[in-house]
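Fold and geometry: a report
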Amino acid sequence: MTSTDENLELASAPLPMVVPTRGLPSHVRIHEVGARDGLQNEKTVVPTEIKAEFIHRLADAGLTTVEATSFVHPKWVPQLADAEQLFPLLGDLQGVHLPVLVPNERGLDRALALGAHRVTVFASATESFARANLNRTVDEALAMFAPVVARAREQGVHVRGYLSMCFGDPWEGAVPISKVVRVCRALIDMGCDELSLGDTIGVATPGHVSAMLAALNAVQVPTERIGVHFHDTYGQALTNTLAALQHGVTTVDASAGGLGGCPYAKSATGNLATEDLVWMLHGLGIDTGVDLVRLSATSAWMADQLGRPSPSRTVRALTARSHEEQTAASQEQ
């Protein structure tokens, strides 16, 4: 085969080209947050039926963990006030984990009444955000979560502990790693099955990520119980994810189409787009079980429902390529 033939063969091969890199995990579980964290900041309320279809489409694309909704008081997050109506519409999904956020024991009661098997609690590494988000100090919030976690575990329910502001805070600036480690250790001691380290305002850098993970390992928080949740405010989300993968992390949070932000931290922009993450992981030869074309179509569909383009670069690129191919095909006919 000539070099010209080789170039033509490569040009026609599916993209991204798979080039594995040593030292990375063979499989990554994507914890999809678009239906909860992604939509909660939308000002226009999305109909319950559209949310249910969104989650079904995400599952059809191969995502096995899709965070469904939140059982917070409706006045705090009006977008998710339909949790009791939405959750039963997802009962036909087999083999898909549907975690729900529970802020307190009342929220846990509501979730358990609907048969939820996975719940999440939401703590903060900083006092400022704990006050803004929960109207409590960090330690008061932990005390509130303790009976929630205990009761959930008694019921055989899996508990995830989110921790916000792990890498920076809009009011306090840089957050000492020791502060983050203390709260993470408290959540593990409380009984959380796994943690999610949140870069809520998107200020982390790869060295910071590596140092954080090493510090957690030093206090016996194993890497296999850690997930990462990056926002792309400064364009660092994928770079930071790669640093986490190099450390052995195999759970990564992402939001379909890059939806989301944080209603209590205005400097927080959208989450890492699931499509952008999948593109990188597949290029590295890492299995996700996700069909990128189906996922991108789902995000484009949801963007239409919201009345604006998807912020995901991969969604935009694949959509443009599809239009070009359709145009070329119609011209040939």
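Residues numbered from 1 in each chain as written. Predicted model: local features only at pLDDT ≥ 70, side-chain atom pairs only at ≥ 80, totals over all residues. Heavy atoms only, no water.

This next bit is on the sheet that holds strand E5 (residues 118-124). One open sheet holds the 9 strands; their spatial order is E2-E1-E9-E8-E7-E6-E5-E4-E3, and the pairing between them is parallel. Every interior strand has two partners, whereas the edge strands, strand E2 (65-66) and strand E3 (69-70), have only one. Looking at chain direction, E3 and strand E4 (residues 100-101) are connected through 2 bridges and run parallel. Across the sheet, the residue bridging to Ser70 is Leu101, located in E4. Of the strands in this sheet, strand E7 (194-199), strand E8 (226-230) and strand E9 (251-254) touch helix H10 (residues 237-247), which is tilted by about 170° from E8. (Pairing = 2+ DSSP bridges. Helix = DSSP H or I, 4+ residues; strand = E, 2+ residues; numbered from the N terminus. Contact = heavy atoms within 4.5 Å. Axes fitted to C-alpha atoms, helices over the stretch in contact; angles between N-to-C directions.)

Quick look at the packing of helix H6 (residues 127-134) against helix H7 (residues 138-154) now. Taken N-terminus to C-terminus, the directions of H6 and H7 make an angle of 55°; their axes are 8 Å apart at the nearest point. In this view, H6 runs oblique relative to H7, as classed from their interaxial angle. Residues Glu127, Ala130, Arg131 and Leu134 of H6 form the contact with H7, whose participating residues are Val138, Glu140, Ala141, Met144 and Phe145. Residues of the contact of H6 with H7, tallied by class, amount to 6 nonpolar, no polar and 3 charged. (Parallel < 35°, antiparallel > 145°, perpendicular 65-115°, else oblique. Nonpolar A, V, L, I, M, F, W, Y, C, P; charged D, E, K, R; others polar.)

Attention shifts here to the packing of aromatic side chains. In the structure shown here, the tally under the stated rule is 3 aromatic pairs. Arranged with centres 6.2 Å apart and planes meeting at 45°, the rings of Phe167 and Phe230 form a pair that is tilted. With Phe167 in the loop between strand E6 (158-164) and helix H8 (177-190) and Phe230 in strand E8, this residue pair connects regions lying 63 residues apart in the sequence. Judged on exposure class, the residue Phe167 and its partner Phe230 are both buried. Above the face of the Tyr162 ring, Arg36 is positioned so that its terminal group lies 5.5 Å from the ring centre. The positively charged end of Arg160 is found above the aromatic ring belonging to Tyr162, 5.1 Å away from the centroid. (Phe/Tyr/Trp six-rings, centres within 6.5 Å; stacked < 30°, edge-to-face > 60°. Buried < 20%, exposed > 50% of the residue type's maximum accessible area, 1.4 Å probe, protein only. Lys NZ or Arg CZ within 6 Å of the ring centre and 35° of its normal.)

Before going further, it helps to examine the pattern of salt bridges. The final tally for this structure, using the stated rule, is 15 salt bridges. With its nearest N and O atoms 3.2 Å apart, the salt bridge here joins Glu105 to Arg151. Highlighted residues: Glu105 in helix H5 (residues 105-113) and Arg151 in helix H7, separated in sequence by 46 residues. The exposure class assigned to Glu105 is partly exposed, which follows from its relative accessible area of 34%. (Salt bridge = Lys/Arg side-chain N within 4 Å of Asp/Glu carboxyl O.)

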